Amino acid sequence: MTPTATRTDSAYDVVLIGGGVMSATMGALLKLLQPDWSIGLFGRLDDVATESSNAWNNAGTGHAALCELNYTPERADGSIDISKAIDVNEAFQVSRQFWAHLVESGVIASPRDFLNPIPHMSFVWGADNCDFLRRRHDALKDHPLFAGMRFSTDPAQLRQWMPLVMEGRGAGTPLAATWSAAGTDVNFGALTHLLIGFLSRQAGFDLKLAHAVEDLRRDASGLWRIAVRDLAGGRDLSVAARFVFIGAGGGALPLLQKTGIPEAKGIAGFPVSGQFLRCTNPELAARHHAKVYGKASVGAPPMSVPHLDTRVIEGRTGLLFGPYAGFSTKFLKQGSLWDLPKSIRMDNLGAMLAVARDNMPLTRYLIGQILQSNTARLAALRDFVPTARAEDWDLIVAGQRVQVIKSDAKRGGVLQFGTEIVTGAQGSVAALLGASPGASTAVPIMLTIIARCFPVEMARWTPRLKTMIPSFGAKVAGDAALCAHVRDWTMRVLELEG
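Reading guide: rules and limits
- Residues numbered from 1 in each chain as written.
- Predicted model: local features only at pLDDT ≥ 70, side-chain atom pairs only at ≥ 80, totals over all residues.
- Heavy atoms only, no water.
- Helix = DSSP H or I, 4+ residues; strand = E, 2+ residues; numbered from the N terminus.
- Rg over C-alpha atoms; globule rule 2.2 N^0.38 Å.
- Buried < 20%, exposed > 50% of the residue type's maximum accessible area, 1.4 Å probe, protein only.
- Areas by Shrake-Rupley, 256 points an atom, 1.4 Å probe, with all protein chains shown as cover.
- Lys, Arg positive; Asp, Glu negative; His and termini not counted.
- Charge placed at Lys NZ, Arg CZ, Asp CG, Glu CD.
- Pairing = 2+ DSSP bridges.
- Axes fitted to C-alpha atoms, helices over the stretch in contact; angles between N-to-C directions.
- Left-handed = near helix turned anticlockwise from the far one by under 90°.
- Contact = heavy atoms within 4.5 Å.
- Nonpolar A, V, L, I, M, F, W, Y, C, P; charged D, E, K, R; others polar.
- Patch = residues over 30% accessible without salt bridge, like charges linked within 9 Å, V, L, I, M, F, W, Y side chains within 5 Å.
- Salt bridge = Lys/Arg side-chain N within 4 Å of Asp/Glu carboxyl O.
- Phe/Tyr/Trp six-rings, centres within 6.5 Å; stacked < 30°, edge-to-face > 60°.
- Lys NZ or Arg CZ within 6 Å of the ring centre and 35° of its normal.
- Core = buried A, V, L, I, M, F, W, Y, C linked by side-chain atoms within 4.5 Å.
- Parallel < 35°, antiparallel > 145°, perpendicular 65-115°, else oblique.
- Polar contact = N/O pair within 3.5 Å; in protein donor to acceptor, adjacent residues only side chain to side chain.
- pLDDT = per-residue confidence, 0-100.

### A word on the overall build of the chain
Item 1. A tally of regular secondary structure across the chain gives 15 helices and 20 strands.
Item 2. Computed over its C-alpha atoms, the radius of gyration of the chain comes to 23 Å, within 12% of the 23 Å expected for a compact globule of 498 residues.
Item 3. The dimensions of the chain, computed from C-alpha atoms along their principal axes, are 75 × 50 × 45 Å.
Item 4. The 498 residues of the chain split such that 57% are buried.
Item 5. On the chain, roughly 20100 Å² of surface is accessible, and the fraction owed to carbon and sulfur atoms is 53%.
Item 6. Between the averaged position of the 50 positive side-chain charges in the chain and that of its 45 negative side-chain charges there is a distance of 2 Å.

### Quick notes on the pairing of strand β17 (residues 401-408)
Item 1. Bridging between strand β12 (residues 267-279) and β17 involves six bridges; their strand directions are antiparallel. Opposite A268, over in β17, you have I405 as the bridge partner.
Item 2. Sheet analysis places β17 next to strand β18 (residues 412-416), joined by five bridges and oriented antiparallel. By the bridge assignment for β18, S407 is matched with G413.
Item 3. If you look at the hairpin formed by β17 and β18, you'll find three residues sitting between the two strands.

### As for the packing of helix α1 (residues 21-33) against helix α6 (residues 188-200)
Item 1. At their nearest, the axes of α1 and α6 sit 9 Å apart, and the two run at 35° to each other. Taken as a pair, α1 and α6 cross one another with a handedness that is left-handed. Touching V21, A24, T25, G27, A28, K31 and L32 of α1 are F188, L191, T192, L195, I196, F198 and L199, all from α6.
Item 2. Residue classes in the contact of α1 with α6 are distributed as ten nonpolar, three polar and one charged.

### Here's the deal with a nonpolar patch on the surface
Item 1. Taken together, F327, I367, I370 and L371 make up a surface patch of nonpolar side chains, about 400 Å² in accessible area.
Item 2. Along the polypeptide, F327 turns up in the loop between β15 (316-326) and α9 (339-343).

### Observations concerning the packing of aromatic side chains
Item 1. All told, the structure shown has 14 aromatic pairs when counted by the stated rule.
Item 2. Taking the centre distance of 6.2 Å and the plane angle of 75° together, the rings of F123 and F384 count as edge-to-face. Highlighted residues: F123 in strand β4 (residues 120-125) and F384 in the loop between α12 (374-382) and β16 (394-397), separated in sequence by 261 residues.
Item 3. Take F123: its relative accessible area is 0%, and that puts it in the buried class.
Item 4. Feature note: the residues F123, W125, F321, Y324 and F384 constitute an aromatic cluster, connected by ring pairs.
Item 5. Stacked on the ring of W56, the Lys or Arg R278 has its end atom at 4.9 Å from the ring centre.

### Observations regarding the nonpolar core
Item 1. F98, W99, F245 and I449 are the most contacted members of the largest nonpolar core, which has 86 residues in total.
Item 2. Counting residues per element, this core draws most heavily on helix α2 (residues 83-104), at ten residues.
Item 3. Among residues more than four places away in sequence, those in contact with I449 are M26, F243, F245, I421 and A430.
Item 4. V213, L253, A325 and M352 belong to the second-largest nonpolar core, a separate cluster that totals 42 residues.

### Comments concerning unusual backbone geometry
Item 1. A cis amide bond, omega 0°, links G322 with the succeeding residue P323.
Item 2. Along the chain, the position of P323 falls in strand β15.
Item 3. The phi torsion at Q426 lies on the positive side, around 55°, for a residue other than glycine.
Item 4. Position of Q426 among the secondary structure elements: in the loop between β19 (419-424) and β20 (429-434).

### Details of the pattern of salt bridges
Item 1. The full count for this structure, using the stated rule, is 20 salt bridges.
Item 2. Put simply, D358 and R357 hold a salt bridge, and the shortest N to O gap is 2.8 Å.
Item 3. Between D392 and R389 there is a salt bridge, with its nearest N and O atoms 3.0 Å apart.
Item 4. Look at R389 and you get partly exposed, because its relative accessible area is 43%.
Item 5. Each of D185, K291, D309 and R311 takes part in one network of salt bridges that share partners.

### Description of the packing of α2 against helix α14 (residues 455-468)
Item 1. α14 packs onto α2 with a crossing angle of 85° between their chain directions and a minimal axis gap of 8 Å. Here α2 lies roughly perpendicular to α14, going by the angle between them. Of the residues in α14, those touching α2 at Q97, F98 and H101 are R464, T467 and M468.
Item 2. Classifying every residue of the contact of α2 with α14 by side-chain character gives two nonpolar, three polar and one charged.

### Remarks on the environment of N54
Item 1. Note that N54 resides in the loop between β2 (39-42) and α2.
Item 2. For N54, a relative accessible area of 27% puts it in the partly exposed group.

### Side note on the side chain of H63
Item 1. Mapped onto the secondary structure, H63 falls in the loop between β2 and α2.
Item 2. Overall, H63 belongs to the buried group, its relative accessible area being 14%.
Item 3. At a separation of 2.6 Å, a polar atom in the side chain of H63 contacts the side chain of E68.

### Let's talk about the confidence of the model for the chain
Item 1. Averaged over all residues, the pLDDT of the chain equals 91, while 96% of them reach at least 70.
Item 2. Counting contacts from residues 1-6, a segment whose pLDDT is below 50, to residues more than four positions away or on other chains yields eight contacts.

### Brief notes about a positive patch on the surface
Item 1. The grouping of K258, K265, K342 and R345 at the surface amounts to a positive patch.
Item 2. For K342, the position within the fold is in helix α9.
Item 3. Of the residues examined, K342 reaches a relative accessible area of 61% and is grouped as exposed.

Shown next as structure tokens:
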């Protein structure tokens, strides 16, 4: 029985669960829209941005579909479907606008504190793949969102774009690449710290680190009663909130299940771990200035598309190659091996079994990745860097990703690789599940949640939102003039090159 009254240690208008870029973005948006609201952020660890938002736990790609081939699948008739690429780029333009507003308004002192211009490239080899990339370029090049994208099969041009990738590469194999100056490298960990720093300077914001949310229930009055464990002080707390956002990365699913909302029924999670090879040799890093994405192996999940990335972290340039996929039953990098077993419910077991039945190629791929040797990893790297030496690269563990499994009337269950928003209880709770494009589209994701959960306030907030995000309420993809304005403004303010 839900109690009608309980001891409350603190009460907030909004509680954010999770210390990553998603909670930070939601908090910043709500504080700018409604400064008098009280907000509490509860993070389980001792600092923010220590899980997937940490700079070395992700590739830092500003996902705009400029280089990611999985966003432009080939149809049965050989044509290229660019609809997903347009949607992803459109969403990233919204994030760019919000970031530009933060810079212009002084919330962020310099875009270089978290964002750097890095060309985005697609790179393939073999005649069939080169033909696919040419057709992909032809489908994208005239769209305003992809203006300036270049295509080449000329080895001399490819050497100019990616000298480290071309060095030592034998002749005879057809090669092709696209190149876009509009690409970015984003330090989502730094961005999280900047947003939390802004929030911490505002009245009515509490940052509660080393506080683990253990349960949450909605009482008869409509308030959420949240059971919190103060890990440092060893105390149990009771927190009340009108609205709860669960942005805890892989840890969001167990908390969503605890809410008891009907919308959480039938949802399960499939954790996929990842690793990167990292190079911090300044000589090698200086010879590569791009994010170069290839094609995924057959059976590989979209998040496992191989890529060689320039990373700029705390002013130092390094390289990442990967990811190499793996499997762990943990939902968080610093989670528990019991995370997956504890998430299994009668309402989601059928969906999980159906996904296991229908995704044997993925299972075989993951087994192969788990058994992969250091020699095999180096061989994969040498597809991109033929002269790579093992001593220049070290293996690091990336952030844990939990892909969403949903019940499906026809197939029993489906495995999804995108980002899933779940809202319920009359808009008083929202959770974010899934992975890529994730952080790159944090702003439009939060705007979607805000529109669902605060429909009454939206009428009052819309003028403010239009000053922060000029394209709010419109689509830049269908308006060439608006698209040009947004691109030019954000490029100038964020000090980007294209």
